[in-house]
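One letter stands for each residue in the lines below.
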Amino acid sequence: MRRLCTGLFLLLWIALTSARKHHLEIRDDMRQYIPLSSFGFYAGGVLDVRLSDFRTEPDLDTKMVTTFGFSLDKTASDAMNPYLDTHQDHCILKEPAASQNHGPIVLFSMNMTRNELKVEASADWPNVRIKSDNKEIEPIHVAGTESSGIKYEPIPMVARPDGPFVYYSFNFTMYVDNKLQEGLYNLYFHNCPNYVTAGNIASFNLDLEESNFGNYLSAGEMPLPALYFIMSFLFFLSALFWLFILRRTKHPVFKIHYLMAVLVFLKALSLMFHAINFHFIQIKGEHVETWAVLYYITHLIKGAVLFVTIILIGTGWTFIKHILADKDKKLFMIVIPLQVLANVAEIIIAESEEGDKEHSTWRDIFILVDLLCCGCILFPVVWSIRHLQDASATDGKAAINLRKLKLFRQFYIMIVCYIYFTRIIIYLLKITVAFQYAWLDEFFREMATFIFFVLTGYKFRPVSQHPYFTMGDTDDDESEVEILTQSGITEGLSKVTNRTQQTSTIVEHNEDERENLISKRESSHEYD
């Protein structure tokens, strides 16, 4: 356990080495393209790109002219990039920008023989201002004249021989000046030789700085600090209200009820630290490590406690049994490590640079492990449903077992809807809404979590007539009467009807006896 905790904290500190002022170090990379950044810009936004110490294998410098470079495209939402979909087998830098017809794009192609960066854009590029070393890069061919696209003056590159390698450096800054230029800008690095033959390597350092008039959050992230603060306050009030119910109720309160309270408090703390973390990113471009570590610790614990609580409720622990079966214990041994791994993967994804090799690997791990965890938490509910179905037909307590069965089925549907909404619907929402409304996916995710918590608390609250609390001490006749009653009114009618039937039976029995006595007396008088 000590080694596990040490490993987790080590992963946390490794993850915290990056920030929103991106610094990316690419070493001996052989990918065809590297996603570097996606950022939503409002009017007044600035993108600053500084590349240094770029090098390739020595023979590539003389054989190729424009084999490496960058593409910067503009989209309206975070959907799949149309240029990546149409250029899986050939390099986009090998095509003239004027022929690009999938949306606004500008290409930065490195010419290593002339030590310059060629800049050209598609015809629908919004003609944003571009500078290099504080010098305006003027367009020399505008759409409708000598070219159907836009060509800019080349940006000079600084070459520095060092041993067998030649190192290149350059920089450019893009300014979003008006509403027509607003959008989601995606920056990619392209290694064109690897589209033909794999094995060509590239190494460089890249520093990116993105901001919206001094705000370092993307357009779709700017409302997130306030959103997280509000949701944290809402969860905190809900946790206090839940404790108030537990303290004031006269009905049985079990350990699982207090574990549910701990979960809601952890969720509130996690959101509060997340809001503070985003606040510092917003004003400084990087987070304060103390608040970031606090957020990740509470996020890890909250994730584990959430799945543990769902499993315990699903197995009926402390409600109808106080000892977990062996299969329940084995499920915990599987789910808890998987959930810890999923949360660690989520942390690394959030804090690593998009262009890191490990970023996509951990993203795939997170998706797989998260789906496995979601599938595992459904098993105890299914087991309980099957057990109640069998018990309702054999133990004579049909009404009680059927009510429990209905409750578990409702809980199962709640879990499935929660998983489906937060894993699929939220993703579809994220890739369809406009770039400035990307925060809506976090809003709906947190609201879905809050509604799930509220419904779970309501279904399993301490009450006297809760199906869990009925321990089967009533007889079978009362159970059969209860299963027919659907409300308080019909319940009273059933009881009155039952009593009336019993009374009428007694009266009929007395009438028969009296008639028999009278007939006997008459027969005896006949012999007198």
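All values reported here derive from a predicted model rather than from experimental measurement.

Colleague: Outline the packing of aromatic side chains, listing residues and values.
Modeller: Summed over the entire model, instances satisfying the criterion amount to 25 aromatic pairs. Between Phe70 and Phe170 the ring centres are 6.0 Å apart and the planes differ by 80°, which places this aromatic pair in the edge-to-face class. With Phe70 in strand E4 (residues 68–75) and Phe170 in strand E13 (residues 165–175), this residue pair connects regions lying 100 residues apart in the sequence. On the accessibility criterion, Phe70 (0% relative accessible area) is buried. For the ring pair Trp439 and Phe443, a centre distance of 6.3 Å and an interplane angle of 70° mean the geometry is edge-to-face. One aromatic cluster is present, formed by Phe54, Phe68, Phe70, Phe170, Phe189 and Phe204 through successive ring pairs. Between Lys267 and the ring centre of Phe235, over which it is positioned, the NZ or CZ distance is 5.8 Å. Lying over the aromatic face of Tyr458, Arg461 brings its terminal NZ or CZ to 4.1 Å of the ring centre.

Colleague: Run through the environment of Leu36, naming residues and quoting values.
Modeller: Secondary-structure assignment places Leu36 in strand E2 (residues 33–41). The class for Leu36 is buried, based on a relative accessible area of 3%. Taking the C-alpha atoms as reference points, Leu36 and Glu353, 317 residues apart in sequence, are found 7.6 Å from one another. When residues no more than four places from it in sequence are discounted, the contact partners of Leu36 are Leu24, Phe70, Leu187, Tyr188, Phe189, Leu206, Leu208 and Glu354.

Colleague: Any details on a nonpolar patch on the surface? Residues and values, ideally.
Modeller: Taken together, the side chains of Phe233, Phe236, Leu237 and Leu240 define a hydrophobic patch exposed on the protein surface, amounting to about 380 Å² of accessible area. In this fold, Leu240 is placed in helix H4 (residues 224–248).

Colleague: Would you mind going over the pairing of E13 in detail, with residue names and values included?
Modeller: With nine of its 11 residues buried, E13 lies for the most part within the structure. For strand E3 (residues 45–56) and E13, the ladder comprises seven bridges, and the chain directions are antiparallel. Note on E13: the bridge partner recorded for Val46 is Tyr175. In this sheet, E13 lies alongside strand E7 (residues 129–132) in antiparallel orientation, the contact comprising three bridges. When the bridges of E13 are listed, Ile130 appears paired with Met174. Bridge count between strand E12 (residues 158–162) and E13: five bridges; the pairing is antiparallel. Bridging from a neighbouring strand, Val158 pairs with Ser169 of E13.

Colleague: Provide a residue-level description of the pattern of salt bridges, including the pertinent values.
Modeller: For the coordinates displayed, the defined rule picks out 12 salt bridges. With a shortest N-O distance of 3.1 Å, Asp48 and Arg50 are connected by a salt bridge. Given a relative accessible area of 40%, Arg50 falls into the partly exposed group. A salt bridge links Arg445 to Asp441; the shortest N-O distance between them is 4.0 Å. One end of the pair, Arg445, and the other, Asp441, are both in helix H11 (residues 440–459), four residues apart, so they sit about a helical turn from each other. Of the residues examined, Arg445 reaches a relative accessible area of 25% and is grouped as partly exposed. Asp441 sits in the buried class, given a relative accessible area of 8%.

Colleague: Would you mind going over the side chain of Thr449 in detail, with residue names and values included?
Modeller: Residue placement: Thr449 occurs in helix H11. The class for Thr449 is buried, based on a relative accessible area of 5%. There is a polar contact of 3.1 Å between the side chain of Thr449 and the side chain of Tyr418. If near-sequence neighbours (up to four positions away) are discounted, Thr449 is found in contact with Phe235, Lys267 and Tyr418.

Colleague: Let's hear about the nonpolar core: which residues, and what values?
Modeller: Ranked by internal contacts, the top residues of the largest apolar core, which has 54 residues, are Phe235, Ile310, Ile377, Phe411, Ile415, Phe452 and Phe453. Where this core is concerned, the elements lending two or more residues are H4, helix H5 (255–284), helix H6 (289–315), helix H7 (326–351), helix H8 (357–376), helix H9 (378–392), helix H10 (398–432) and H11. Looking at this core, the element that brings in the most residues is H5, giving 11 residues. Once you skip the residues sitting within four places of it in the chain, Ile310 turns out to touch Ile377, Phe411, Ile415 and Phe452. Counting 40 residues, the second largest nonpolar core, distinct from the first, contains Ile26, Leu36, Leu51 and Ile150.

Colleague: An account of H6 is requested, with residue identities and associated values reported.
Modeller: The terminal C-alpha atoms of H6 lie 39 Å apart, and with 27 residues this matches the ideal 39 Å at 1.5 Å per residue to within 8%. Summarising burial for H6: 21 of the 27 residues are buried, a large majority. Two residues or fewer past H6, Gly316 is found with a positive phi of approximately 80°.

Colleague: Account for the confidence of the model for the protein chain, naming residues and giving values.
Modeller: Considering every residue of the protein chain, the mean pLDDT works out to 79; 77% of them sit at 70 or more. Model confidence for the protein chain, summarised as mean pLDDT per element, is weakest for helix H12 (residues 476–484) at 35 and strongest for H4 at 96. Contacts of residues 467–528 to residues separated by more than four positions or lying in other chains number 37 contacts, the stretch itself having pLDDT below 50.

Colleague: Could you give me a rundown of the state of the cysteines, with the residues and numbers involved?
Modeller: In the structure shown here, the tally under the stated rule is one disulfide. A disulfide bridge connects Cys91 with Cys192, and the sulfur atoms are separated by 2.0 Å. Remark: Cys192 occurs in the loop between strand E14 (183–191) and strand E15 (202–212) and Cys91 occurs in the loop between helix H3 (82–86) and strand E5 (105–111); sequence separation between them is 101 residues. Taking the relative accessible area as the measure of exposure, Cys91 reaches 4% and is therefore buried. Of all cysteine sulfurs in the structure, the one in Cys376 sits closest to Cys373, which takes part in no disulfide; the separation is 6.4 Å. Cys373 sits in the buried class, given a relative accessible area of 0%.

Colleague: Please provide a residue-by-residue account of the packing of H6 against H7, values included.
Modeller: It is at 9 Å that the axes of H6 and H7 come closest, and there the two elements cross at 150°. Judged by the angle between their axes, H6 and H7 are roughly antiparallel. Considering how the two elements wind past one another, H6 and H7 form a crossing that is right-handed. Among the residues making up the contact of H6 with H7, the classes are represented as 15 nonpolar, five polar and three charged.

About the thresholds
- Residues numbered from 1 in each chain as written.
- Predicted model: local features only at pLDDT ≥ 70, side-chain atom pairs only at ≥ 80, totals over all residues.
- Heavy atoms only, no water.
- Phe/Tyr/Trp six-rings, centres within 6.5 Å; stacked < 30°, edge-to-face > 60°.
- Helix = DSSP H or I, 4+ residues; strand = E, 2+ residues; numbered from the N terminus.
- Buried < 20%, exposed > 50% of the residue type's maximum accessible area, 1.4 Å probe, protein only.
- Lys NZ or Arg CZ within 6 Å of the ring centre and 35° of its normal.
- Contact = heavy atoms within 4.5 Å.
- Patch = residues over 30% accessible without salt bridge, like charges linked within 9 Å, V, L, I, M, F, W, Y side chains within 5 Å.
- Areas by Shrake-Rupley, 256 points an atom, 1.4 Å probe, with all protein chains shown as cover.
- Salt bridge = Lys/Arg side-chain N within 4 Å of Asp/Glu carboxyl O.
- Pairing = 2+ DSSP bridges.
- Polar contact = N/O pair within 3.5 Å; in protein donor to acceptor, adjacent residues only side chain to side chain.
- Core = buried A, V, L, I, M, F, W, Y, C linked by side-chain atoms within 4.5 Å.
- Expected span 1.5 Å × (residues − 1).
- pLDDT = per-residue confidence, 0-100.
- Disulfide = S-S within 2.5 Å.
- Axes fitted to C-alpha atoms, helices over the stretch in contact; angles between N-to-C directions.
- Parallel < 35°, antiparallel > 145°, perpendicular 65-115°, else oblique.
- Left-handed = near helix turned anticlockwise from the far one by under 90°.
- Nonpolar A, V, L, I, M, F, W, Y, C, P; charged D, E, K, R; others polar.

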